[in-house]
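These are the residues of each chain, in order.
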Amino acid sequence: AGKEIRFKMIVQLINIQEELKVPKSQRNTFGNYNYRNCEDILEAVKPLLAKYECVLTISDCIENIGSRYYVKATARLTNGKDNIEVTAYAREAETKKGMDDSQITGSTSSYARKYALNGLFAIDDTKDADTDEYTKKANTVSTSKPAEQEPPEPPASKPKIIKVNGNTKLLT
């Protein structure tokens with residue numbers, strides 16, 4: 001039963017990733033580029049979370065690595081029985097013109113959260129001009145099983161993934 005629950009969670013995530021569209025609706029006039037922020041991703045994903053009966057939570061913690069502080073953001077998707085987590089890091093700037101310390105931490109948190117959501121929902125920002133704005137460490141996937149393991153191939157009598165009217169479905 002545990003493998004079937006895990007399999008269902010993966011199918012739910014596949015569906016959300018396939019259907020999620022997050023346009024770059026924000027504009028940086030100084031750098032002359034469009035971008036999406038954390039709030040844009042959250043607004044776009046909420047209807048899909050309801051549709052696929054999942055809950056998304058995001059949390060932060062501050063980590064000191066060497067002499068620098070990093071915000072570690074974790075995006076967690078759950079269906080109530082299983083979950084998938086992705087973490088991302090962003091380094092706090094020592095100073096940023098026009099910002100006090102709490103604003104620096106807040107903007108760094110938003111940045112790390114955006115990249116955790118990008119990792120979870122397979123949103124590609126590699127062409128965004130803001131990818132170099134802060135130093136970020138690698139996105140890492142952390143699930144209830146080691147990330148290196150692929151989901152097991154279901155035997156012929158076990159659940160299968162199929163496409164019906166453009167949606168991925170789980171047959172049991």
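Residues numbered from 1 in each chain as written. Predicted model: local features only at pLDDT ≥ 70, side-chain atom pairs only at ≥ 80, totals over all residues. Heavy atoms only, no water.

**Q** Got a minute to help me understand the pairing of strand β3 (residues 55-65) in this structure?
**A** Successive residues of a regular strand alternate their side chains across the two faces of the sheet. Bridge analysis of β3 against strand β4 (residues 68-78) gives eleven bridges, and the strand direction is antiparallel. Residue pairing in the sheet places D60 in a bridge with A73 of β4. The turn joining β3 and β4, which pair antiparallel and follow one another in sequence, is formed by two residues; a positive phi near 65 degrees is taken by G66. (Pairing = 2+ DSSP bridges. Helix = DSSP H or I, 4+ residues; strand = E, 2+ residues; numbered from the N terminus.)

**Q** Where do I start with helix α2 (residues 38-51) in this structure?
**A** Since the α-helix advances by 3.6 residues per turn, residues separated by three or four positions end up pointing in the same direction. Taking 1.5 Å per residue as the helical rise, α2 with its 14 residues ought to reach 20 Å, and the 20 Å between its terminal C-alpha atoms agrees with that figure. The sharpest bend along α2 reaches about 35 degrees and sits at V45, with the proline P47 one to four residues further on. Buried residues of α2: C38, D40, I41, V45, L48 and L49, and no others. Between the side-chain oxygen at the start of α2 and the backbone nitrogen of E39 there is a gap of 3.2 Å, and the oxygen is on N37. Looking one or two residues beyond α2, the residue adopting positive phi is E53, at roughly 55 degrees. (Expected span 1.5 Å × (residues − 1). Bend = angle between axes of the 7 residues up to and from the residue. Buried < 20%, exposed > 50% of the residue type's maximum accessible area, 1.4 Å probe, protein only. Polar contact = N/O pair within 3.5 Å; in protein donor to acceptor, adjacent residues only side chain to side chain.)

**Q** So what exactly am I meant to see when it comes to the packing of aromatic side chains here?
**A** Two aromatic rings, taken as a pair, are described by how far apart their centres are and by the angle between their planes. The full count for this structure, using the stated rule, is two aromatic pairs. Plain terms: the ring middles of Y111 and Y115 are 4.9 Å apart, the flat faces sit at 50 degrees to each other, and that makes the pair tilted. With Y111 and Y115 both in helix α3 (residues 101-121) and four residues apart, the pair spans about one turn of that helix. Summarising the burial analysis for this pair, Y111 and Y115 share the class buried. (Phe/Tyr/Trp six-rings, centres within 6.5 Å; stacked < 30°, edge-to-face > 60°.)

**Q** Just checking my understanding: could you explain the nonpolar core for this structure?
**A** Considering soluble globular proteins, one finds that nonpolar side chains tend to be buried as a cluster. With 31 residues, the main nonpolar core has I16, L56, L77, L117, L120 and F121 as its most contacted residues. The set of elements that each furnish at least two residues to this core consists of α1 (2-19), α2, β3, β4, β5 (83-91) and α3. Top element by residues in this core is α3. It accounts for seven residues. Those residues in contact with I16 that sit more than four places away from it in its chain are V45, L48, L49, Y52, C54, L77 and F121. (Core = buried A, V, L, I, M, F, W, Y, C linked by side-chain atoms within 4.5 Å. Contact = heavy atoms within 4.5 Å.)

**Q** What am I meant to see in α3 here?
**A** With 21 residues, α3 extends 30 Å from end C-alpha to end C-alpha; this agrees with the ideal 30 Å at 1.5 Å per step. Phi turns positive one or two residues past the end of α3, at A122, with a value near 55 degrees.

**Q** Please explain the pairing of β4 as it appears in this structure.
**A** Here β4 pairs with β5 via nine bridges, running antiparallel. Along β5, the bridge assignment pairs A73 with A88. The turn joining β4 and β5, which pair antiparallel and follow one another in sequence, is formed by four residues; a positive phi near 95 degrees is taken by G80.

**Q** Before we go on, may I ask you to explain the pattern of salt bridges in this structure?
**A** Side chains carrying opposite charge are able to pair once their charged atoms draw close together. Counted according to the given criterion, the structure contains five salt bridges. A salt bridge links E63 to K72; the shortest N-O distance between them is 3.8 Å. Accessibility expressed as a relative area gives 24% for E63, which makes it partly exposed. The partly exposed category is assigned to K72, whose relative accessible area is 22%. As a salt-bridge pair, E85 and R76 come within 3.4 Å of each other at their nearest N and O atoms. (Salt bridge = Lys/Arg side-chain N within 4 Å of Asp/Glu carboxyl O.)

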